[in-house]
Amino acid sequence: MTSEQITNTGSVMANHGSIQTPAQTQLRQNGSSNGGPSERKRDLRWRPAMLHPASLRVLLPWLTSIIGISSALCMVIAWFPSTVWNTPIVSSDAPAHYYFIRRLLDEGLGAALHLWPHDSFYPPLFHVCAYSVIRIAALFGAQCSIYAAFNITWIIASGVIFPSGMLVLCRYFLQRWNRGNPISRISQASSTPESSSVSESSNVSNQQVSSAVNRQYNATFDATFVLQNLIGLFVPVLAVSSVCHPYGLLNAGPLIAFGFATSLLPFLIAATLRLFDAIAAREHIVKWFVITAVAGVVCLVAHPRIAFTYALILVPFIVLRLPWKLILGAFIAMCVGAVAFVALMLTSFKSDRWANPASWFHSHQPSKNLWESISFCFTDGLDGFPAILFALLLIAGTVAAFVCAFRRAAVRSSDSFSSAASTVVPVASADVDVDASTSDIAVSAADSPVSVSCPPPASHSNATDAASASSESSRLRRNDRLRDVIALTAAFLLVALVYVCTVTLVGALPNIISAPWYRDENRIMTMLPLVALPLLVIGINALAECVSACAASASFAPSASSFSTKNSASSVPSLSSASAVSSVKNASFASNWIVLIAVFLVIAILAVSAQIVCPSRSAARDTIIAHSSLNQSDPNEQLTEQKIAVLRKVTERTGTQATIISDPLNGSMYAETLFNANMLYPIINARTDVPSAPFGKVETAFASGDAQQVLGTVCPLTDAPEYFLTMGDQAQSLQSFPYRAQYDSFHNEELIDTYVDGGTLVKVADYSQYGQGWALYRFGCTD
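Residues numbered from 1 in each chain as written. Predicted model: local features only at pLDDT ≥ 70, side-chain atom pairs only at ≥ 80, totals over all residues. Heavy atoms only, no water.

Caption draft 1: Expanded view of helix α12 (residues 285-302). With 18 residues, α12 ought to run about 26 Å at 1.5 Å a step, and its terminal C-alpha atoms sit 26 Å apart, in line with that. Burial in α12 covers these residues: Thr292, Ala295, Gly296, Cys299 and Ala302. Take α12 and look down its axis: the buried residues cluster within an arc of 115 degrees, on one side only. Opposite its buried face, α12 presents the exposed residues Val286 and Phe289, each directed more than 90 degrees away. For α12, the secondary structure elements touched by its buried residues are α5 (125-139), α11 (256-281) and α13 (306-321). (Helix = DSSP H or I, 4+ residues; strand = E, 2+ residues; numbered from the N terminus. Expected span 1.5 Å × (residues − 1). Buried < 20%, exposed > 50% of the residue type's maximum accessible area, 1.4 Å probe, protein only. Arc of directions from axis to C-beta. Contact = heavy atoms within 4.5 Å.)

So, in structure tokens, the structure goes:
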């Protein structure tokens, strides 16, 4: 077989599998050279058919993305408690977030850098977004409350930003998984002049074989392409199916700023991985560095503590995909950041337990046993049947991904050796050609659902150049699959380790490991979808590939044997070889599309059942509804109908300019956003070591029992009058608050009576009909 015949036999035709006779080939070549009207009409007639597949490949990812994200948004809206649109979420951190939005409305965006009452920094991005919602609504003449703006911002972050980021991240891994497979290489080769040109000396059987093989590739490639998009269709839905995120953080605290940063984090991870790709390819490094830097700044402005989650997930990718110098630099940067964090904690939180890590988080109690915590990780926080199905798919898919990755690495090594040998050893005979071609086909079929290796080019010098270029371009990408699977698995195990340490284990080491997340289960469980979903997506893709490869190999073996036997005595394949390739094509087509349908059904069952069987999410929703309800059996809870009535009366009497001081754990702080009252707002663990910490100074002075110290501290706060409000004991729902004892003086009845007897406090309104001892006092200042 001549080199020209080899080229004609192995080329893939670019007209989507159409069979051309020699006369048609000659006519097309004549028309191309002469530019006659008949050929121009032919181009116009064939153009819609040729553009349709390309248009489908452009539109289908967008269409599935829109459908998936819209579905996720609808699920988040359907879950969201309707009770919190008019009343606040009553929890430990909620008043602070409402206060931050109020402060932005009062002082403008300049307050974003010092939101705390003592003018220190708090991550402002969520609150700036809520502030923007209110201002945008005002432009259209609509009045949006702080609670409505808060809820809208949360819904957008949870129902749009987070599922979109997870879709971007998962599709990144899917693209890398399917990049460089034989189907893609053949599809690329089909668009080149060398592969699309057909010599006049080609016989009909060669063209029929090429056409049949080309249709086989197209069917397989279409199945793979559709599979990727179907998986992408359900990624946004699965992203918001778990209680891990976003629902858990709205119930816990709510931890709004950290949750907002978590919703943004998938974009930062995807941008960083793209930067690693650019570094490996040594191109577009500046572009992806800038994108990564911008995404990183946005996430840090949302919540700086998200950097720990980011570093934990990226560590395996840094080790496996960066040059050693950059690995060293990254770990030096992490060490510097860790030292800075420790220094910040030592200076911000005074404690005598720093030298004894086992005594850290002394009030923390394990919430799950070892089996429960491990199973929670493997089920991504799902419940019942969806949890079991998710765990099975995750485990089986990870195993399949490792198998496919190892086989791909072995085949690539074999291909590299064969390419090197082909540049030295010329083709000797037709028999060798046929055997080599058959061998290439068999090896590739084992690696991909159905794929055929491209034969060597015609020219020996061209072959050398092509092999050299191919080796250089794929050298850094040879083990992409294996590296991704190892890195994702390692990231998942690291997250699982931190979670198990937090919810199950006790002692010094678990305290140190989980300290960056305050040993808080709610913060740590948000990391699970970030690693479990990409690993699940790759695993499902690998499972489908393994099943298709097995089916294709089983059907290909007799056809390949027949192909080799029939053509062993001929230098050119006979017409009967088309039937062998056609049988492979039919079996491949059936196996790939059957697998596609099966995968679609499995993912659809998982996504739908996760919305039906979801007691954890329902429990979180019920808890929020209970917290936002005013019908409380305990009159000392943070907000009740009685307290709402009292706070309304207090604000009507004092106005919105006078300063009101009260125990922050009795619900009085909600008057700030309910009625625009000017509450002297505290911070957690109020500091008295900075000049701009008025509440901490008032707290210290009030607890002293010294009337002169009290008036000397309170009266200079503002030019308006200052009031003191009592509304009973601290709420039972806040008894876990670690610094609640520092506010005990504000509900100490003996101390309050002492100040009343001495004239430091003057009662101006009695609310004992609402609760025992409830009253409004005015400080005896001379203003």
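Caption draft 2: Just the pairing of strand β5 (residues 775-779), in detail. β5 sits mainly inside the fold: four of its five residues count as buried. In terms of strand pairing, strand β3 (residues 722-726) meets β5 through four bridges, oriented antiparallel. In the strand pairing of β5, tyrosine 723 is matched with arginine 778. One ladder, built from five bridges, connects strand β4 (residues 761-766) with β5; its direction is antiparallel. From the neighbouring strand, aspartate 766 faces β5, where its bridge partner is alanine 775. (Pairing = 2+ DSSP bridges.)

Caption draft 3: The arrangement of the confidence of the model for the chain in detail. Residues at a pLDDT of 70 or more form 72% of the chain, whose mean pLDDT is 78. Within the model, pLDDT remains below 50 along residues 182-206, and this stretch shows 55 contacts once partners closer than five positions in the same chain are excluded. Taken as a whole, residues 212-220 scores under 50 in pLDDT and shows 28 contacts with residues more than four places along the chain or in a different chain. (pLDDT = per-residue confidence, 0-100.)

Caption draft 4: Fine view of the side chain of threonine 87. Summarising the element assignment, threonine 87 is placed in the loop between α3 (37-79) and α4 (94-107). At 2.9 Å, the side chain of threonine 87 and the backbone oxygen of threonine 83 are in polar contact. If we ignore the near neighbours within four places in the chain, the residues touching threonine 87 are Ser628 and Leu630. (Polar contact = N/O pair within 3.5 Å; in protein donor to acceptor, adjacent residues only side chain to side chain.)

Caption draft 5: How the structure looks around the packing of aromatic side chains. Per the stated rule, a full pass over the model turns up 30 aromatic pairs. Here phenylalanine 126 and phenylalanine 150 contribute two aromatic rings whose centre-to-centre distance is 5.4 Å and whose plane-to-plane angle is 75 degrees, an arrangement assigned as edge-to-face. Note that phenylalanine 126 is positioned in helix α5 and phenylalanine 150 in helix α6 (residues 146-178), a separation of 24 residues in sequence. The pair phenylalanine 126 / phenylalanine 150 is uniform in exposure class, with both members buried. Members of the aromatic cluster, joined through ring pairs, are Phe695, Phe702, Phe724, Tyr743, Phe746, Tyr755, Tyr777 and Phe779. Looking at arginine 305, its charged tip hangs above the ring of tyrosine 518, at a distance of 4.0 Å from the centre. In this arrangement the basic side chain of arginine 523 is found over the ring face of phenylalanine 258, its NZ or CZ atom lying 5.8 Å from the centre. (Phe/Tyr/Trp six-rings, centres within 6.5 Å; stacked < 30°, edge-to-face > 60°. Lys NZ or Arg CZ within 6 Å of the ring centre and 35° of its normal.)

Caption draft 6: Structural detail: the pattern of salt bridges. Counting across every chain of the model gives 12 salt bridges. Linking arginine 481 and glutamate 545 is a salt bridge whose minimum nitrogen-to-oxygen distance equals 2.9 Å. Placement of the pair is arginine 481 in helix α19 (residues 480-503) and glutamate 545 in helix α22 (residues 528-566), with a sequence separation of 64 residues. Among the ionic contacts, a cluster of salt bridges with common partners joins Arg176, Asp277, Arg321, Asp480 and Asp484. (Salt bridge = Lys/Arg side-chain N within 4 Å of Asp/Glu carboxyl O.)

Caption draft 7: A look at the nonpolar core. Counting 157 residues, the largest nonpolar core has Trp154, Leu250, Leu273 and Leu536 as the members making the most contacts within it. Not counting residues within four places of it along the chain, the set of residues in contact with tryptophan 154 comprises Val76, Trp79, Phe80, Phe126, Pro246, Tyr247, Leu250 and Ile256. Core analysis: the second largest hydrophobic core is formed by 24 residues, Phe702, Leu751, Leu761 and Phe779 among them. (Core = buried A, V, L, I, M, F, W, Y, C linked by side-chain atoms within 4.5 Å.)

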